[in-house]
Amino acid sequence: MAYFLFKIWHENLFQVKRESVIEVKSKVPIDFVEITKDNANFVEELRGKEYLPQFEYQLSLGDFGYYAYYDGKPIGYGWAKHADSDDYFFKINEGCVYLCRFFVHESMRGQGIYPSLISALIEREKETDTFYIAVERGNTSSERGLKKVGFGHVKEYGFLRGFKHTFNKKKLR
């Protein structure tokens, strides 16, 4: 029975320092629009209604997000978490930003939108020099995208989660 109550998530952590960032522009013209309480519901069209409470929660924590817009509509998004924000796997300390929860619509993948979103979020966070991103083991597409921006592998972690709680969160410094 305990097998179904707990799961181990394998996440690869990547880091980049501002001086090593490589700005990436997408292959198609996109605009970045801040995610706010007024437009958070646009995620429903992209992913479904079940994502709206997550967006509202992230906004309540002070997390910052961008929608990527193409041809007048959102086709992706990404988030920046700051010190003391809530995250499944990491505790975020002062002096760094954790970039997370990226999504690009299937029809727009392969256009450089993901690394472009990463670049835009880093550009916005002018006071920060250290950035982290984690991706689930085996997500080679995301790894290729973040490496284009200059991220390097730090370590793979195994996180034990059960009952909506992670028992071994790691600190990002």
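Coordinates for the structure precede this section.
Here the structure is a predicted model, which means the values were calculated and not measured.

Considering helix α3 (residues 52-60)
Step number 1: Within α3 the residues assigned to the buried category are Leu-52, Gln-54, Phe-55, Gln-58 and Leu-59. Along the axis of α3, the buried positions cluster into a sector of 160°, meaning they face one direction only.
Step number 2: The inward-facing, buried residues of α3 contact α2 (43-46), β3 (64-70), β4 (73-81) and β6 (96-104).
Step number 3: Remark: Gly-62 follows α3 within two positions and exhibits a positive phi of approximately 90°.

Observations concerning the packing of helix α4 (residues 113-124) against helix α5 (residues 140-148)
Step number 1: Close contact between α4 and α5 brings their axes to 8 Å; oriented N to C, the two are set at 45°. Classified by the interaxial angle, the pair formed by α4 and α5 is oblique. Both α4 and α5 take part in a crossing whose hand is right-handed. Residues Tyr-114, Pro-115 and Ile-118 of α4 touch α5, and the partners they reach there are Ser-142, Gly-145, Leu-146 and Lys-148.
Step number 2: Of the residues belonging to the contact of α4 with α5, the class tally is four nonpolar, two polar and one charged.

Description of unusual backbone geometry
Step number 1: Here the phi dihedral of Asp-84 falls at roughly 70°; this positive angle occurs in a residue that is not glycine.
Step number 2: Mapped onto the elements of the fold, Asp-84 is located in the loop between β4 and β5 (90-92).
Step number 3: Using a relative accessible area of 69% as the deciding quantity, one classes Asp-84 as exposed.
Step number 4: With a phi angle near 55°, Arg-101 is a residue other than glycine that sits in the positive phi range.

Structural notes on the environment of Arg-18
Step number 1: One can find Arg-18 in the loop between β1 (6-17) and β2 (31-34).
Step number 2: With a relative accessible area of 25%, Arg-18 lands in the partly exposed category.
Step number 3: Taking C-alpha positions, Arg-18 is 30 Å from Lys-73, a pair spaced 55 residues apart along the chain.
Step number 4: In this structure, Arg-18 is in contact with Ile-122, Glu-125, Lys-126, Thr-128, Asp-129 and Phe-131, ignoring residues within four places of it in sequence.
Step number 5: Among the polar contacts made by the side chain of Arg-18, one reaches the main-chain carbonyl oxygen of Glu-125 at a distance of 2.4 Å.

A few points about the side chain of Glu-125
Step number 1: Relative to the elements of secondary structure, Glu-125 occurs in the loop between α4 and β7 (130-136).
Step number 2: Since its relative accessible area comes to 7%, Glu-125 is described here as buried.
Step number 3: Side chain to side chain, Glu-125 and Arg-124 meet in a polar contact 2.9 Å long.
Step number 4: Excluding residues that lie within four positions of it along the chain, Glu-125 makes contacts with Arg-18, Phe-64, Ala-80, His-82, Val-97 and Phe-131.

Examining the state of the cysteines
Step number 1: Following the criterion strictly, the structure yields zero disulfides and no others.
Step number 2: Left unpaired, Cys-96 is separated from the closest cysteine sulfur, that of Cys-100, by 12 Å.
Step number 3: Judged by relative accessible area, which is 4%, Cys-96 ranks as buried.

Here's the deal with the environment of Trp-9
Step number 1: For Trp-9, the location among the structural elements is in strand β1.
Step number 2: What makes Trp-9 partly exposed here is its relative accessible area of 25%.
Step number 3: Along the primary structure Trp-9 and Thr-166 are separated by 157 residues, whereas in three dimensions their C-alpha atoms are 9.7 Å apart.
Step number 4: If we ignore the near neighbours within four places in the chain, the residues touching Trp-9 are Phe-89, Glu-136, Tyr-157, Gly-158, Phe-159 and Arg-161.

Definitions and limits used
- Residues numbered from 1 in each chain as written.
- Predicted model: local features only at pLDDT ≥ 70, side-chain atom pairs only at ≥ 80, totals over all residues.
- Heavy atoms only, no water.
- Buried < 20%, exposed > 50% of the residue type's maximum accessible area, 1.4 Å probe, protein only.
- Helix = DSSP H or I, 4+ residues; strand = E, 2+ residues; numbered from the N terminus.
- Arc of directions from axis to C-beta.
- Contact = heavy atoms within 4.5 Å.
- Axes fitted to C-alpha atoms, helices over the stretch in contact; angles between N-to-C directions.
- Parallel < 35°, antiparallel > 145°, perpendicular 65-115°, else oblique.
- Left-handed = near helix turned anticlockwise from the far one by under 90°.
- Nonpolar A, V, L, I, M, F, W, Y, C, P; charged D, E, K, R; others polar.
- Polar contact = N/O pair within 3.5 Å; in protein donor to acceptor, adjacent residues only side chain to side chain.
- Disulfide = S-S within 2.5 Å.

Any functional reading would require information that these geometric values do not contain.
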